[in-house]
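So you can see what is in the structure, the chains are spelled out below.
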Amino acid sequence: MTNESWGQVREGLIKRVGKNNYVTWIEPLRLAGLKNGVARFEVPTTFFGDWVLRNFGDQIRLQLTQSGESVDRVEFAVGNGNQPAPETRPAAKPAPQRARAELTDVLPGGPLDSRFTFDSFVVGKPNELAHAAARRVAEGGPVTFNPLFLYGGVGLGKTHLMHAIAHELQAKSGDLRVLYLSAEQFMYRFVQALRERQVMDFKELFRSVDVLMVDDVQFIAGKDSTQEEFFHTFNALVDQNKQIVISADRAPGEIKDLEERIKSRLQCGLVVDLHPTDYELRLGILQQKVDYYRQQYQGLVLADGVLEFLAHRITTNVRVLEGALTRLFAFASLVGREITLDLAQDCLADILRASDRKLTIEEIQRRVADYYNIRLSDMIGPKRLRNIARPRQVAMFLSKQLTTRSLPEIGRRFGGRDHTTIMHGVRKIEELKSTESQLADDLLLLRRLLQG
Ligand code: ADP
Ligand code: MG
């Protein structure tokens, strides 16, 4: 097959994949050879190749077959000319280069991470609402809430959900113009358009999409002209009944230096937050990832309890959790050892140390007061009634056990009590917990609440 006839086959793919996908993913492919039923293509990056294989591999094969070639398989390899540095986070790579003239017709979003799908998203209590809302948007159909506003702390799955929506919508209809980009990219494009006097093109482009997704919108806070433009784009799309999905690290009302009118616009749709992960969700995510690693590193043995240990100890964010698992498997395969608790503790010492939560005495007092339904002020105050004194002693006991504070320091935080009073309280609880099973249960539960 010649490059010329590939050119024709390629054109035939426009209908199959849509203009947008065509320009972004198909046009840059260079046919490197077709032998023994295998069509080989050169691609600019590994990620690019994976993406095309996963999303358009079958269509390319079909189109080739229809043109009379016998092709059982398509393969993608990075071309010699443009070998990239090894990539770890494909999503961070810039979009493949395109000719300038085509830019106005192509959506300027970054490529989507092919791993961020609904299939790979583990659903648990903390994220079930956000997940359900994202699913609804991904169904397409009439817009029921606009925008969908997803917010939550770092690494809780906002970007993952947005990419999943884009994948799903694009799979349903290749012609749908879905634009995903970070607020930073939005600003960058806008500033570039200003500089090159192409603001009209910019406006037209953004108003021509069917679905707009802007990630990490908190970024444009305080950036006045970008906010202004964002506001107009937003309104224009809402007026046309086009779906908008926005994410941020906090609720709309809490983003500082964001114009009031934008805040209130953002609150008009459905605002859902991703809560911090809980133990079950973390374990679920680890189990899912492990299935993948088991295939990659065959023969590695994973001892019981390691995943549970990680889910229990690494509570900060999912990215850190994944990083820990990656490192653990890589390390174990390197040294050829079984993945045990000891190995995990060695190899992840820094991560484990960093995610050791520093509990404060105030937190303990608050939790214990809540638990026993007494006022926080009574925890510190002088009342000696038993239904107050006992919870107070529990809080003293837990403060001694769960923090590194000394008795005098604890005393100061309990309304300036003497260290001997604290010692007495701690001993009292120690005594009672072996005889009163209710108290023992309370302590267990409180400990779990406090340590996450
Ligand atoms: P955010 O955008 O909220 O900072 P990301 O979407 O980038 O977070 O998620 C960070 C990492 O954690 C990604 O690799 C993502 O796949 C993973 N992740 C987060 N939540 C989940 C989940 N519920 N199931 C599977 N992976 C998840
Ligand atoms: Mg993100």
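Up top you'll find the structure we're talking about.
Residues numbered from 1 in each chain as written. Chains lettered and ligands numbered in written order. Predicted model: local features only at pLDDT ≥ 70, side-chain atom pairs only at ≥ 80, totals over all residues. Heavy atoms only, no water.

Caption draft 1: Structural view of the site of ligand 1. If you check the shell around ligand 1, you find 17 residues, and the closest are Val 122, Gly 155, Thr 159, His 160 and Glu 322. Measuring from a nitrogen atom of ligand 1, one finds a side-chain N or O atom of Asn 127 at 3.3 Å. Measuring from an oxygen atom of ligand 1, one finds a backbone N or O atom of Leu 156 at 3.2 Å. Bound to the protein, ligand 1 loses 95% of the 560 Å² it would expose on its own. (Near = heavy atom within 4 Å. Polar contact = N/O pair within 3.5 Å; in protein donor to acceptor, adjacent residues only side chain to side chain. Areas by Shrake-Rupley, 256 points an atom, 1.4 Å probe, with all protein chains shown as cover.)

Caption draft 2: Local environment of the environment of Phe 56. Inspection of the secondary structure puts Phe 56 in helix H3 (residues 46–66). Overall, the relative accessible area of 6% leaves Phe 56 in the buried class. Spatially, the C-alpha atom of Phe 56 lies 73 Å from that of Arg 384, the residues being 328 residues apart in sequence. Not counting residues up to four positions away in its chain, the partners in contact with Phe 56 are Val 17, Asn 21, Trp 25, Ile 26 and Trp 51. (Helix = DSSP H or I, 4+ residues; strand = E, 2+ residues; numbered from the N terminus. Buried < 20%, exposed > 50% of the residue type's maximum accessible area, 1.4 Å probe, protein only. Contact = heavy atoms within 4.5 Å.)

Caption draft 3: Structural view of the sheet that holds strand E6 (residues 211–215). Here we have five strands laid out as an open sheet, ordered E5-E6-E7-E4-E8, and parallel in their pairing. Taken across any chain shown, the strands that pair with only one partner, and hence form the sheet edges, are strand E5 (178–182) and strand E8 (270–274). Direction aside, neighbouring strands of the sheet carry axes that sit 15° apart on average. Two strands pair when backbone bridges link them, and strand E4 (residues 148–152) and strand E7 (residues 243–248) are joined in this way by four bridges, in the parallel orientation. By the bridge assignment, Leu 148 is partnered in E7 with Val 245. On top of the sheet, helix H6 (residues 183–195) reaches E5 and E6; it is set at about 95° to E5, its chief contact. (Pairing = 2+ DSSP bridges. Axes fitted to C-alpha atoms, helices over the stretch in contact; angles between N-to-C directions.)

Caption draft 4: Expanded view of helix H15 (residues 361–372). With 12 residues, H15 should reach 16 Å at 1.5 Å per residue; the first-to-last C-alpha distance of 16 Å fits that figure. If you check which residues of H15 are buried, you get Ile 361, Ile 364, Gln 365, Val 368 and Ala 369. All buried residues of H15 project into a common sector of 125° when viewed along the axis, lining one side. Buried residues along H15 sit against helix H16 (376–380), helix H17 (386–402), helix H18 (407–413) and helix H20 (437–451). (Expected span 1.5 Å × (residues − 1). Arc of directions from axis to C-beta.)

Caption draft 5: Inspection of the pairing of strand E2 (residues 38–43) at higher detail. With five bridges connecting them, strand E1 (residues 30–35) and E2 associate as antiparallel partners. Pairing of Leu 34 across the sheet is with Ala 39, part of E2. Following E1, the chain reverses through two residues before pairing antiparallel with E2; Asn 36 in that reversal takes a positive phi of roughly 50°.

Caption draft 6: Molecular detail of the packing of helix H4 (residues 128–138) against helix H5 (residues 158–172). Packing of H4 against H5 leaves a shortest axis separation of 9 Å and a crossing angle of 25°. Considering their axes alone, H4 and H5 lie roughly parallel with respect to each other. Crossing geometry of H4 relative to H5 is assigned as right-handed. Between H4, through Ala 130, His 131, Ala 134, Arg 135, Val 137 and Ala 138, and H5, the contact on the second element is made entirely by Leu 161, Ile 165, Glu 168, Leu 169 and Lys 172. (Parallel < 35°, antiparallel > 145°, perpendicular 65-115°, else oblique. Left-handed = near helix turned anticlockwise from the far one by under 90°.)

Caption draft 7: Seen up close, the packing of aromatic side chains. The full count for this structure, using the stated rule, is 14 aromatic pairs. Centre to centre, the rings of Phe 41 and Phe 76 are 5.6 Å apart; their planes meet at 20°, and the pair counts as stacked. Pair noted here: Phe 41 is in strand E2 and Phe 76 is in strand E3 (residues 73–78), with a separation of 35 residues, a long-range link. Residue Phe 41 shares its accessibility class with Phe 76, and that shared class is buried. In textbook terms, an aromatic cluster arises when at least three aromatic residues are bridged by ring pairs, as seen for Phe 186, Phe 190, Phe 202, Phe 206, Phe 230 and Phe 234. Positioned above the aromatic ring of Phe 219, the side-chain terminus of Lys 223 is 4.0 Å from the ring centre. (Phe/Tyr/Trp six-rings, centres within 6.5 Å; stacked < 30°, edge-to-face > 60°. Lys NZ or Arg CZ within 6 Å of the ring centre and 35° of its normal.)

Caption draft 8: Spatial organisation of the sheet that holds E3. Spatial ordering of the open sheet is given by E1-E2-E3, a layout of three strands whose pairing is mixed. Each having just a single partner strand, E1 and E3 make up the two edges of the open sheet. Put simply, the sheet's adjacent strands are angled 25° from each other on average, direction ignored. When E2 meets E3, the two strands line up parallel, connected through six bridges. By the bridge assignment, Val 38 is partnered in E3 with Arg 73.

Caption draft 9: Local environment of the packing of helix H11 (residues 306–313) against helix H12 (residues 318–335). Taken N-terminus to C-terminus, the directions of H11 and H12 make an angle of 145°; their axes are 10 Å apart at the nearest point. Two packed elements cross with a definite hand, and for H11 against H12 that hand is right-handed. Within the contact between the two elements, H11 uses Val 306, Leu 307 and Leu 310 and H12 uses Leu 321, Leu 325 and Leu 328. When the residues that make up the contact of H11 with H12 are grouped by side-chain class, the tally is six nonpolar, no polar and no charged. (Nonpolar A, V, L, I, M, F, W, Y, C, P; charged D, E, K, R; others polar.)

Caption draft 10: Examining H12 more closely. Over its 18 residues, H12 extends 26 Å from the first C-alpha to the last, a length consistent with the 26 Å expected when each residue adds 1.5 Å. Looking at H12, one finds that the buried residues are Val 318, Leu 321, Ala 324, Leu 325, Leu 328, Phe 329 and Ala 332. In a view along the axis of H12, the buried residues occupy a sector of 125°, so they form one face of it. Along H12, exposed side chains directed more than 90 degrees from the buried face belong to Arg 319 and Leu 334. Where H12 is buried, its residues touch helix H10 (279–296), H11, helix H13 (341–347) and helix H14 (349–355). Structurally, the start of H12 carries an N-cap: the backbone nitrogen of Arg 319 is 2.6 Å from a side-chain oxygen of Asn 317.

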